[in-house]
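# Fold and contact review
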Amino acid sequence: MSIQGKTALITGASSGIGAATALKLAKNGVKVGLAARRADRLAALVAEIERDGGQAVALEMDVVDSASVASGVAKLAEAFGTIDILFNNAGLMPLSDVEALKVEEWHRMVDVNIKGVLHTTAAVLPHMIAAKSGHIVNTSSIAGRKVFAGLTVYCATKHAITALSDGMRIELGKKHNIRVTCVQPGAVETELLEQISDPAVRRQMEELKTQMEFLKAGDIADTVLFALQSPSHMDIAEVFVMPTQQAW
Ligand SMILES: NC(=O)c1ccc[n+]([C@@H]2O[C@H](COP(=O)([O-])OP(=O)(O)OC[C@H]3O[C@@H](n4cnc5c(N)ncnc54)[C@H](OP(=O)(O)O)[C@@H]3O)[C@@H](O)[C@H]2O)c1
């Protein structure tokens, strides 16, 4: 189906997968609300989209804070009228072994990766239910399908997103004509590894880049576009996208 003229809220739009998807959707005629904390990055992206003839609004938003989310969603609805697409993509991956007891990092992952998705969904869903249509795309991960040593809490948060996605699809599809897609990428070259505070773990993860060709953020943007453009009777419920060379 055509997404021309629709409005999307994209969280985590200041870099990586979110920024690439914002550019891709804007090129396809979607009016995009760009949500993240780094306002300078968002302003630069708005300028780039507008230069290319697209429409975008910067929404300085911390997904952990439900009041910040509500005010960003209200600003987007005021700017463009409706919210047809929600890309729940903001996330963190500060990896460490459980025995390191980085409890504050565990909390941050739960707050951003799970509660952030709940906050934005709660703020946007009433618009979609009123419109009797919508599409929610959630960024889970290969870590939302499998568990890896050293990624335990991150895997738990991404498994939660996989479960939430399927539950939302079941509850919202037939009753409210809202489609839900769960995207599960393998390794993508973005700024995600910068959140890792343990230098040895960070080095180990960075070394993976010498062993295989990572996906590009644009590859995931293409995947999101594919799901959004699928016919309205069809819900691409789950997409597992891997680098060809990622053999685990
Ligand atoms: N890269 C991979 O290999 C990979 C694989 C599978 C899944 N993923 C998932 O893909 C998603 C996007 O990550 P990425 O790889 O594109 O990494 P990234 O470049 O680090 O992007 C993460 C985004 O999340 C935003 N964010 C973080 N905390 C936030 C908060 N409290 N409120 C609002 N926004 C917040 C960041 O913006 P600000 O810092 O400006 O707020 C940034 O825009 C994440 O959910 C990640 O778990 C990534």
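Now for a look at the structure at hand. (Residues numbered from 1 in each chain as written. Predicted model: local features only at pLDDT ≥ 70, side-chain atom pairs only at ≥ 80, totals over all residues.)

Secondary structure summary: the protein contains seven helices and nine strands in total. Relative to a compact globule of 248 residues, whose C-alpha radius of gyration would be 18 Å, the protein shows 17 Å and is just as compact. Its C-alpha atoms give the protein principal-axis dimensions of roughly 50 × 40 × 35 Å. Going through the 248 residues of the protein one by one, you find that 43% of them count as buried. Considering only residue pairs separated by 6 or more positions, the protein has 71% of its internal contacts joining residues 24 or more positions apart. (Helix = DSSP H or I, 4+ residues; strand = E, 2+ residues; numbered from the N terminus. Rg over C-alpha atoms; globule rule 2.2 N^0.38 Å. Buried ≥ 20, exposed ≤ 12 C-beta atoms within 10 Å, placed from the backbone. Contact = placed C-beta atoms within 7 Å.)

Quick look at the site of the ligand now. The immediate surroundings of the ligand are formed by 31 residues, with Gly-12, Gly-16, Arg-37, Arg-38 and Gly-91 found nearest. Ranked by residue count, the leading element in the shell around the ligand is helix α1 (residues 16-27), at three residues. Across the shell around the ligand, the residue classes tally to 15 nonpolar, eleven polar and five charged. (Near = placed C-beta within 6 Å. Nonpolar A, V, L, I, M, F, W, Y, C, P; charged D, E, K, R; others polar.)

Glancing now at the sheet that holds strand β2 (residues 31-36). Strands sit in the order β3-β2-β1-β4-β5-β6-β9 across an open sheet of seven strands; the sheet is parallel. Edge positions in the open sheet fall to β3 (56-60) and β9 (238-241), since each of these has one partner strand only. Going across the sheet, the axis of each strand differs from the next one's by a mean of 15 degrees, ignoring polarity. Alignment of strand β1 (residues 7-11) against β2, held across five bridges, turns out to be parallel. Directly across from Thr-11, in β2, lies its bridge partner Ala-35. Together, β1, β2 and β3 form the strand contacts of helix α3 (residues 66-80), whose direction differs from that of β3 by roughly 165 degrees. (Pairing = 2+ DSSP bridges. Axes fitted to C-alpha atoms, helices over the stretch in contact; angles between N-to-C directions.)

Right, let's talk about the nonpolar core for a bit. Counting 68 residues, the largest nonpolar core has Leu-9, Ala-22, Val-32 and Leu-34 as its most contacted members. Broken down by element, the residue count for this core peaks at seven residues, all from α1. (Core = buried A, V, L, I, M, F, W, Y, C linked by C-beta atoms within 7 Å.)

Shape is all these values report; function is a separate question.
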